[in-house]
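# Results of the structural survey
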Amino acid sequence: MPMSTMTLFHNPASPFVRKVRVLLLETGQQDRVALHACMPTPVTPDSHVVQGNPVGKIPALRLADGSVLHDSRVILDYFDHQHVGNPLIPRDGSARWRRLTLASMADGIMDAAVLVRYESALRPVEKHWDQWLDEQRNKIRRTLAELEADAIAELTSHFDVAAISVACALGYLDFRHPDMQWRLDNPKLAAWYAEVSQRPSMQQTQPPV
Ligand code: BEZ
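None of the values given here were measured: they were computed from a predicted structure. (Residues numbered from 1 in each chain as written. Predicted model: local features only at pLDDT ≥ 70, side-chain atom pairs only at ≥ 80, totals over all residues. Heavy atoms only, no water.)

For the rest of this paragraph, the subject is empty space enclosed by the protein. To locate leftover empty space, one rolls a probe as large as a water molecule over the atoms. One pass over the full model with this rule turns up one cavity of 30 Å³ or more. Counted as a void, the largest cavity has a volume near 30 Å³. Lining the largest cavity, in full, are Pro 12, Ala 13, Ser 14, Pro 15, Arg 18, Cys 168, Gly 171, Tyr 172 and Pro 207. Elements supplying a minimum of two residues to the lining of the largest cavity: helix H1 (15-26) and helix H7 (161-176). For the lining of the largest cavity, the leading source of residues is H7, giving three residues. (1 Å grid on protein atoms, 1.4 Å probe; cavity = no way out; pocket = protein on both sides within 12 Å on 5 of 7 lines; lining within 4 Å. Points joined across faces, edges and corners; volume = space filled by probe spheres on them. Helix = DSSP H or I, 4+ residues; strand = E, 2+ residues; numbered from the N terminus.)

Mapped onto the fold, Thr 205 is located in the segment after helix H9 (200-203). Every residue in contact with Thr 205, bar those within four places of it in the chain, is listed here: Arg 18, Arg 21, Val 22 and Leu 25. (Contact = heavy atoms within 4.5 Å.)

With that settled, the discussion passes to the domain arrangement of the protein. For the protein, the assigned domains read domain 1 (6-80) and domain 2 (93-203). If you average the C-alpha positions of domain 1 and of domain 2, the two centres end up 20 Å apart. If you look at the interface, domain 1 gives 15 residues, while domain 2 gives 19 residues. A combined buried area of about 1500 Å² lies between domain 1 and domain 2, and 67% of that area is made up of carbon and sulfur atoms. Our enumeration of links across domain 1 and domain 2 arrives at three salt bridges. Of the charged contacts in the structure, one is a salt bridge between Glu 26 and Arg 199, with a shortest N-O distance of 2.9 Å. Run the count over domain 1 and domain 2 and you get four residue pairs in polar contact (both at pLDDT 80 or more). Residue contributions to the side of domain 1 that touches domain 2 peak at eight residues, all from H1. (Domains from an automatic or database assignment. Buried area = accessible area lost by both parts, 1.4 Å probe. Salt bridge = Lys/Arg side-chain N within 4 Å of Asp/Glu carboxyl O. Polar contact = N/O pair within 3.5 Å; in protein donor to acceptor, adjacent residues only side chain to side chain.)

The full set of residues close to the ligand is Ala 13, Ser 14, Met 39, Val 114, Arg 117, Tyr 118, Tyr 172 and Arg 176. Within the side chain of Tyr 172, a nitrogen or oxygen atom sits 2.5 Å from an oxygen atom of the ligand. Note that an oxygen atom of the ligand is positioned 2.7 Å from one of the side-chain N or O atoms of Arg 176. Summarising the interface, the protein chains cover 93% of the accessible area of the ligand, which totals 260 Å² for the free molecule. Judged by the fraction of its atoms near the pocket grid, the ligand is located in the largest pocket. Those elements that provide at least two residues to the shell around the ligand are helix H4 (93-122) and H7. Ranked by the residues each element gives to the shell around the ligand, the list is headed by H4, at three residues. Here the shell around the ligand spans two domains, since at least three of its residues come from each of domain 1 (6-80) and domain 2 (93-203). (Near = heavy atom within 4 Å. Areas by Shrake-Rupley, 256 points an atom, 1.4 Å probe, with all protein chains shown as cover. Sits in = over half its atoms within 2 Å of the grid points.)

Listed below in structure tokens is the structure:
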């Protein structure tokens, strides 16, 4: 087993961290990285994370030379340049821009879903802003509807940056927002997810119960 020379600041609940861990497993690089668990929130930054990433977000990746990469998109790109198999982020051409755009839609779902989680779990109930929460959920629903209408064949074709990102976004909805019942309006996405969520990389990175 290779010595890990890199440290990934992570939390198993974060869908952004999960994308990185899934890509590491899919490309056989998981042993290169030591995991450093932390739980930064918007109101309780983690000092170790802030040292390397002033924004305070995870994932952040400390390299052997002490430099730190962030955010998840940069870390995915970094690791995708470090293995010998087919790239999981196409290097050029229209495929690159389309797959990254699908991944960006998934990131948008995660952003909104994490913000809803913070608002609901961290903010005092009397300060909850219902209109804001509704609009975050609408963002999620609109994006899912577009993936359902336009992207199933593309997602099915490769388990790459696009598919990994969408799978991690759906996993997070199941984990933190089961009340949204996203499968009801998105049966094709649900069937696709039922299959990809069985992959060892997805099974081994399931959020904690
Ligand atoms: C969560 O507990 O939902 C969470 C934890 C870390 C980052 C993002 C979300």
